[in-house]
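Listed here are the chains, written in short residue letters.
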Amino acid sequence: MELGAVLAEEFHLPRQRVDATIELIDQGNTLPFIARYRKEATGSLDDAALRDLDDRLSYLRNLEKRKGEVLSAIE
């Protein structure tokens, strides 16, 4: 599953901005830092939008992990 594409569609944001935001989150940057100092990469997403995107990203990643575990158990 392409998480960037899924999130871009769900949040009605450009894929490029979503991918940049995911990369910043994966690098360990905090959401307030991203909102204040990385506006050019995120398209000026505010704290609330970043939090929603981060929550959904975590959910989708955990879902993919769980799917893999279930499929392994079935095999």
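Residues numbered from 1 in each chain as written. Predicted model: local features only at pLDDT ≥ 70, side-chain atom pairs only at ≥ 80, totals over all residues. Heavy atoms only, no water.

(A) Molecular detail of the nonpolar core. Ranked by size, the top nonpolar core spans 15 residues in total, and within it Leu-7, Val-18, Ile-34 and Leu-50 carry the most contacts. When residues of this core are traced back to their parent elements, those giving at least two are helix H1 (3-11), helix H2 (15-26), helix H3 (31-37) and helix H5 (47-74). Residue contacts for Leu-50: discarding those within four places in its chain leaves Thr-21, Leu-31, Ile-34, Ala-35, Thr-42 and Leu-45. (Core = buried A, V, L, I, M, F, W, Y, C linked by side-chain atoms within 4.5 Å. Buried < 20%, exposed > 50% of the residue type's maximum accessible area, 1.4 Å probe, protein only. Helix = DSSP H or I, 4+ residues; strand = E, 2+ residues; numbered from the N terminus. Contact = heavy atoms within 4.5 Å.)

(B) View of the packing of aromatic side chains. All chains considered together, the criterion is met by one aromatic pair. Considering the side-chain rings of Phe-33 and Tyr-37, the 5.4 Å spacing of their centres and the 45° angle between planes classify their relative orientation as tilted. Highlighted residues: Phe-33 and Tyr-37, both in helix H3, separated by four residues, approximately one helical turn. Since its relative accessible area comes to 28%, Phe-33 is described here as partly exposed. (Phe/Tyr/Trp six-rings, centres within 6.5 Å; stacked < 30°, edge-to-face > 60°.)

(C) Structural context of the side chain of Thr-21. Considering the arrangement of structural elements, one finds Thr-21 in helix H2. Looking at Thr-21, its side chain comes within polar contact range of the main-chain oxygen of Arg-17, at 2.8 Å. If sequence neighbours within four positions are ignored, Thr-21 has contacts with Thr-42, Leu-45, Leu-50 and Leu-53. (Polar contact = N/O pair within 3.5 Å; in protein donor to acceptor, adjacent residues only side chain to side chain.)

(D) Here's a closer look at unusual backbone geometry. Phi is positive for His-12, close to 55°, though the residue is something other than glycine. With respect to the helices, strands and loops of the structure, His-12 is situated in the loop between H1 and H2. The backbone of Ser-44 sits at a positive phi, close to 65°, despite the residue not being glycine. Structurally, Ser-44 can be placed in the loop between helix H4 (39-42) and H5.

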